[in-house]
Amino acid sequence: MTKKTFPLSKTELERAAKEFITPFYIYDEEAIRKNARRINAAFSIFPSYINYFAVKAMPNPVILNILREEGFGADCSSLTELLLADMSGIKGENIMFTSNETPAAEYRKARELGAVINLDDITHIEFLEKTAGLPEMISIRYNPGPLKMGNSIIGNPVEAKYGFTREQTLEGFTFLKKKGVKRFALHTMVASNELNTLYHIETGRLLFELAAEIKQKTGISLEFVNLGGGVGIPYKPEDEAVNYEELTAGLKKIFDAIMVPAGLGNTGIHTEWGRAITGPYGWLITRAIHRKDTYRKYIGVDASMADLMRPAMYGAYHHISVAGKEDAPPTEIYDVVGSLCENCDKFAVQRKLPAIETDEISGDLLIIHDAGAHGRAMGFNYNGKLRCGELILRADGGISRIRRKETPADLFATLV
Ligand SMILES: *Cc1c(COP(=O)(O)O)cnc(C)c1O
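Here the structure is a predicted model, which means the values were calculated and not measured. (Residues numbered from 1 in each chain as written. Predicted model: local features only at pLDDT ≥ 70, side-chain atom pairs only at ≥ 80, totals over all residues. Heavy atoms only, no water.)

## So, the domain arrangement of the protein chain
Moving on, step 1. Per the domain assignment, the segments of the protein chain are domain 1 (10–25 + 280–415) and domain 2 (29–278).
Moving on, step 2. Taken over C-alpha atoms, the centre of domain 1 sits 33 Å from the centre of domain 2.
Moving on, step 3. Each partner contributes to the interface: domain 1 provides 20 residues, whereas domain 2 provides 24 residues.
Moving on, step 4. Summed over both sides, the interface between domain 1 and domain 2 buries roughly 1,900 Å², with carbon and sulfur atoms accounting for 60% of that surface.
Moving on, step 5. Ranking the residues of domain 1 by area buried against domain 2 places Tyr281, Tyr317 and His374 at the top, with a combined share of 30%.
Moving on, step 6. Remark: the boundary between domain 1 and domain 2 carries one salt bridge.
Moving on, step 7. Here arginine 394 makes a salt bridge to glutamate 29, at a shortest N to O gap of 3.0 Å.
Moving on, step 8. Where domain 1 touches domain 2, the interface holds nine residue pairs in polar contact (both at pLDDT 80 or more).
Moving on, step 9. For the side of domain 1 that touches domain 2, the leading source of residues is strand E16 (residues 389–393), giving three residues.
Moving on, step 10. Class assignment for the residues of the side of domain 1 that touches domain 2 results in nine nonpolar, six polar and five charged. (Domains from an automatic or database assignment. Contact = heavy atoms within 4.5 Å. Buried area = accessible area lost by both parts, 1.4 Å probe. Salt bridge = Lys/Arg side-chain N within 4 Å of Asp/Glu carboxyl O. Polar contact = N/O pair within 3.5 Å; in protein donor to acceptor, adjacent residues only side chain to side chain. Helix = DSSP H or I, 4+ residues; strand = E, 2+ residues; numbered from the N terminus. Nonpolar A, V, L, I, M, F, W, Y, C, P; charged D, E, K, R; others polar.)

Structure follows, in structure tokens:
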């Protein structure tokens, strides 16, 4: 069980809603920092550790800056994500560039910033050499194919477009070495939103075994292995969060059994977690403005799937609480819906909730939980929807805006 919490009282939230106007995202700085520290502490048993925060999960420089202060790097996969990392003070090899089908300009930018380039395909060795030159340090993204079952969001590795096959990985390292590359790393990413600790430990085993084989067949000692992202968060109250200490203890046991005897005891363990870093510490706040009784009972809110599309896109569960009614009995069954002209624009379907008051000004404030990763970032402008802004709650209780709401002018800015 995971208790769903929110750091503000109803009065404090109403005050913020008056000042900033709903809908908005709000992120808890202190909770994000504490979480980052716990992760760093759990992984400190390895020779080196860094989490390259997946920028796509939360592309806001204020948050990236906070994570940089906690020792994190950035995992980027596009030109603008590279620019965001750079403007947040994340530099050089603290940036991992894990892209695919990469345009030359993006490789050039990654080279210019001194990022660790993580190649997605064997043909990219020559492509990178031709377009941006080969750096001294290179990582290869490995796709284990039939050796590993993926999970439902990411799909089966055999059907995944990402990465080198096992044979290509060995061939790729040999080729890179011949080309004069000096330092090497290995990466994989086979899960998304996976809560099973054992699954992540087994991903480690897969990489450690391959690292030992690479050492034996090519003489290359990897500088680090990158386990990718994909650690889940407990979206549902009945879900259990991944226990970081259990995860790292399990990884360490296999590391000691495989890497140490292979002469790879100095290899670092790196990760690219996004969701697990900020997901539980961000909330979408929206006001209940309309109520409709037809074949079902609907609560219409002032946010829409353009602000948070996970429920519509994946049927994902996001817990909803009603400010000030956290302990009220859930006597009603509602669909909580946005205003987009798509019937999938529902934050909750047939959800048990306390009776909700609706009004543009005095309606109940709904707190949509676990929206701190892949939330605002996945928003879009279909139906002319203007995406909402973002706030941060500081440790001293102060609240400031870190992204304003979009305006019609933003939407029309690209028209010729
Ligand atoms: C999306 C992504 C991540 C982050 O995934 P989370 O589920 O947010 O941890 C990390 N690495 C790569 C390559 C990704 O595409």
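## A short note on the packing of aromatic side chains
Moving on, step 1. Considering all chains together, one arrives at 12 aromatic pairs under this definition.
Moving on, step 2. Here the aromatic rings of phenylalanine 43 and phenylalanine 46 are separated by 6.2 Å at their centres, their planes lie at 40°, and the arrangement is tilted. Each member of the pair, phenylalanine 43 as well as phenylalanine 46, is classed as buried.
Moving on, step 3. Taken together, the ring pairs connect Phe43, Phe46, Tyr49, Phe208, Tyr244, Phe255 and Trp273 into an aromatic cluster. (Phe/Tyr/Trp six-rings, centres within 6.5 Å; stacked < 30°, edge-to-face > 60°. Buried < 20%, exposed > 50% of the residue type's maximum accessible area, 1.4 Å probe, protein only.)

## Considering the environment of proline 59
Moving on, step 1. Of note, proline 59 is situated in the loop between strand E2 (49–54) and helix H3 (61–69).
Moving on, step 2. In the structure, proline 59 is positioned 23 residues away from alanine 36 in sequence and 17 Å away in space, judged by C-alpha atoms.
Moving on, step 3. Other than its neighbours up to four places away in sequence, proline 59 contacts Leu84, Ala377 and Arg403.

## Brief notes about the sheet that holds strand E7 (residues 183–187)
Moving on, step 1. Pairing is parallel around the closed barrel formed by eight strands, whose spatial order is E2-E3-E4-E5-E6-E7-E8-E9. Put simply, the sheet's adjacent strands are angled 25° from each other on average, direction ignored.
Moving on, step 2. Bridge count for strand E3 (residues 73–76) against strand E4 (residues 95–98) is three bridges, and the pairing is parallel. In the strand pairing of E4, alanine 74 is matched with isoleucine 95.
Moving on, step 3. Sheet strands touched by helix H8 (residues 197–218): E7, strand E8 (224–226) and strand E9 (268–271). Its angle to E7, the strand with the most contacts, is close to 150°. (Pairing = 2+ DSSP bridges. Axes fitted to C-alpha atoms, helices over the stretch in contact; angles between N-to-C directions.)

## Here we look at the pairing of strand E6 (residues 137–141)
Moving on, step 1. Taken across its five residues, E6 has five buried, putting it largely inside the fold.
Moving on, step 2. Here E6 shows no split at all, with Met137, Ser139 and Arg141 on one side and Ile138 and Ile140 on the other all buried.
Moving on, step 3. Summarising the sheet, strand E5 (residues 116–119) and E6 pair through three bridges and their orientation is parallel. In the strand pairing of E6, asparagine 118 is matched with serine 139.
Moving on, step 4. Pairing analysis gives five bridges linking E6 to E7, with the strands arranged parallel. Bridge assignment links isoleucine 138 to a residue of E7, and that residue is phenylalanine 184.

## A closer look at the site of the ligand
Moving on, step 1. The local shell around the ligand holds 13 residues, among which Lys56, Gly230, Glu272, Arg275 and His374 are the closest.
Moving on, step 2. With respect to the ligand, the side chain of aspartate 75 contributes an N or O atom lying 3.2 Å from a nitrogen atom.
Moving on, step 3. At 2.9 Å, a backbone N or O of glycine 230 approaches an oxygen atom of the ligand.
Moving on, step 4. Summarising the interface, the protein chains cover 88% of the accessible area of the ligand, which totals 390 Å² for the free molecule.
Moving on, step 5. Residue classes in the shell around the ligand are distributed as three nonpolar, five polar and five charged. (Near = heavy atom within 4 Å. Areas by Shrake-Rupley, 256 points an atom, 1.4 Å probe, with all protein chains shown as cover.)

## Observations concerning the environment of aspartate 28
Moving on, step 1. Within the secondary structure, aspartate 28 sits in strand E1 (residues 24–28).
Moving on, step 2. C-alpha of aspartate 28 to C-alpha of aspartate 302: the two residues are 274 residues apart in sequence and 22 Å apart in space.
Moving on, step 3. Ignoring any residue separated from it by four or fewer positions in sequence, one finds aspartate 28 in contact with Pro7, Tyr281, Trp283 and Leu393.
Moving on, step 4. Separated by 3.2 Å, the side chain of aspartate 28 and the backbone nitrogen of alanine 31 make a polar contact.

## Section: the pairing of strand E10 (residues 282–293)
Moving on, step 1. Pairing of E1 with E10, which is carried by four bridges, proceeds in the antiparallel orientation. Its bridge partner being in E10, phenylalanine 24 is matched across the sheet by isoleucine 285.
Moving on, step 2. Strand direction decides the pairing type here: E10 and strand E15 (residues 365–368), joined by four bridges, are antiparallel. From the neighbouring strand, threonine 286 faces E15, where its bridge partner is leucine 366.
Moving on, step 3. As paired elements, E10 and strand E11 (residues 297–301) share five bridges and run antiparallel to each other. By the bridge assignment, arginine 291 is partnered in E11 with isoleucine 299.
Moving on, step 4. Hairpin geometry of E10 and E11 is characterised by an intervening segment of three residues between the two adjacent antiparallel strands.

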